[in-house]
Structures are given as structure tokens and as C-alpha cells.
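Chain and residue survey
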Amino acid sequence: DSEEYSLAKVLKDAATQDNSVILTTLNEAWATPNSVVDLFLESFRIGERTRHLLNHLVIVSLDQKAFARCVVLHPHCFALVTEGVDFSREAYFMTPDYLMMMWRRIDFLRSVLELGYNFVFTDADVMWFRDPFPHFHPEADFQIACDNFSGKSDDIGNIPNGGFKFVRSNTRSIEFYKFWYSSRETYPGLHDQDVLNKIKNDSFINETGLVIRFLDTALFGGFCQPSKDLNLVCTMHANCCFGLSNKLHDLRILLEDWKLFMSLPPTWKSPVLTWRVPQNCR
């Protein structure tokens, strides 16, 4: 409740000159020492010119213990409280707690847009190895990573992944987020990503003029479709992976692979080098 940690102040303190912020959400299960958040923050520190991006990262905590850990680890923390709901435990895929958490996130992101901030939303199991901002499509209002990328950024048939997206704050994106959130009632029992797949062709989106682009997995990869060239990769996501212990196992190997790659002389950094993961996440 304190003014120090109000959303408006936290966003203002973290924003870039063009009013952009990086957002991630965190609950107790992912915030414990040596869990996902530590690997996430480490990736920024060992990435290629990514450390400064931590100045623009806001960690949105979903429970009190996650918030307490955030305050120890990072300067920009916001507590997103949901009355009567405990988001502290690991939320297994597609359980009622998981669905509620995903939809709470969509509603929150709409409020960030309404405050006038562009945002990169990133799951905390996305490792940041290079600055993604130069690779975003300048004409797009809403651009999102993919589980599977067809090769064309404007192909509506791409399979999006809600764990990484860049959204510009404008009337089109705000109306889209309202529509997306309300569509949970049209498609009960589905999570935000599957509902997005249902509505991405909807006439409402064409009417608003929202420009959607899909991000190339060569730059924004994941365990579903890994980024094969370490010379190009910006982010890697532990998607297509169930269970916290499996994620942690493979993410640690991912960071080791990146450190090895960065330690090599430039002439040895060939496109042939690749990741040793997924392993437990297969």
C-alpha cells in the first residue's frame, strides 16, 4: 500500500526515455533462493550488453514472500495482490490456479498500457542473452514470441507463446487487451495463449487496426523450437516443459552453454555450436 511501491511510481522509476518497461511476474515457488528468478537475473548479467536492461525491469510479485525476496534482489518491485487467492505455490499447467494467474496477468498488463507505458512482458523462465529491442518490428502494436514460427512474421498461422511479447501503448492495444480479457468468458477453461489463438483472426482486431507480428524463433527461441545459432539468439524460453525441477535442470545447462560460448575466441563462435538442451524438458 505504500506510495514507494505504487504501480505509477515503480513504472516511472524503471521506464526508458520512450516510456518502455520490462515486466515479469513472480510467485513464491519461483522466488526461493536458487530458483527461477536467480537464473533469470543471472542471464541479464552474463548476456551480451544486457546488464543495463535490469534498470528497466519491474518484478511483479504475486504473493508476499515473492515480494519480500524481490526487495532483497532488485530495485523495482510491485506487489500485485489478488484478494482471496493464494498464488504462492507452483501453479501446475492448466489447473484452476494456473488459469486464474494467467488471466490476472492479462488484466494487469492492460492497466500498464492504460498508464501510457509500452512493455516487454517476459516470463521469468526466459533467459535474456542479447538486447531484443533492436529486433522488434517498428510498425507493430503487438508482437509475440512463438512456440512454432512459420518463417513469416505476419503469418497469422504462427503458434504464439504468451511468455514473451512487446506491446506498444495506444488505443488499439488497450482495446485489444480488453477484448482478450473478456474473451475468457467466450472460451471458458482455456488459458490466455489458447484464447489468443482463437481470437487472432477475429474481425474485431481488423476493425481496431491492431498490427500483430510474430517473433522469429531464430532470435527469440525456446525449447519448443530452439534458436540454433548462438550468434543470433536474444532470448531462450523454457517452454514445452512441465515441472519446476525440469525447468531448473535445463535452464542451468542453458546458462552453462552460453557462458562457454561467450568464453570462446570470435573465430570459434561458428553457427554449428548449439545447445545441449532440452534434456529433462523433452
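Definitions and cut-offs
Residues numbered from 1 in each chain as written. Predicted model: local features only at pLDDT ≥ 70, side-chain atom pairs only at ≥ 80, totals over all residues. Heavy atoms only, no water. Axes fitted to C-alpha atoms, helices over the stretch in contact; angles between N-to-C directions. Helix = DSSP H or I, 4+ residues; strand = E, 2+ residues; numbered from the N terminus. Parallel < 35°, antiparallel > 145°, perpendicular 65-115°, else oblique. Left-handed = near helix turned anticlockwise from the far one by under 90°. Contact = heavy atoms within 4.5 Å. Buried < 20%, exposed > 50% of the residue type's maximum accessible area, 1.4 Å probe, protein only. Pairing = 2+ DSSP bridges.

Per an unreviewed UniProt entry, the recorded name for the protein chain is Nucleotide-diphospho-sugar transferase domain-containing protein, and the organism is Penstemon davidsonii.

Notes on the packing of helix 6 (residues 171–182) against helix 7 (residues 192–199)
Following both chains from N to C, one finds helix 6 and helix 7 inclined at 110°, their axes separated by 10 Å at the closest point. Regarding the angle of helix 6 to helix 7, the classification is roughly perpendicular. With respect to the hand of their crossing, helix 6 and helix 7 are arranged in right-handed fashion. Across the interface between the two elements, Phe176, Phe179 and Trp180 from helix 6 touch Asp192, Val195, Leu196 and Ile199 from helix 7.

As for the environment of isoleucine 205
Among the secondary structure elements, isoleucine 205 is positioned in helix 8 (residues 203–208). Among the residues examined, isoleucine 205 registers a relative accessible area of 3% and is labelled buried. C-alpha of isoleucine 205 to C-alpha of serine 182: the two residues are 23 residues apart in sequence and 14 Å apart in space. Aside from chain neighbours lying at most four places away, what touches isoleucine 205 is Phe176, Ile199, Lys200, Leu210 and Ile212.

Re the sheet that holds strand 1 (residues 20–26)
Taken together, seven strands build an open sheet; the order of strands is 3-2-1-4-7-6-8 and the sheet is mixed. The open sheet terminates on both sides in strands that have one partner only, identified here as strand 3 (77–79) and strand 8 (212–214). Averaged over all pairs of adjacent strands, the angle between strand axes in this sheet comes to 30°, irrespective of strand direction. As paired elements, strand 1 and strand 4 (residues 118–122) share four bridges and run parallel to each other. The residue bridging serine 20 from the neighbouring strand is asparagine 118, located in strand 4. Packing of helix 1 (residues 7–14) onto the sheet brings it into contact with strand 1, strand 2 (57–61) and strand 3, and relative to strand 1 it is tilted by some 125°. Contacting strand 4, strand 6 (142–148) and strand 7 (159–167), helix 6 crosses the sheet at an angle of about 140° to strand 7.

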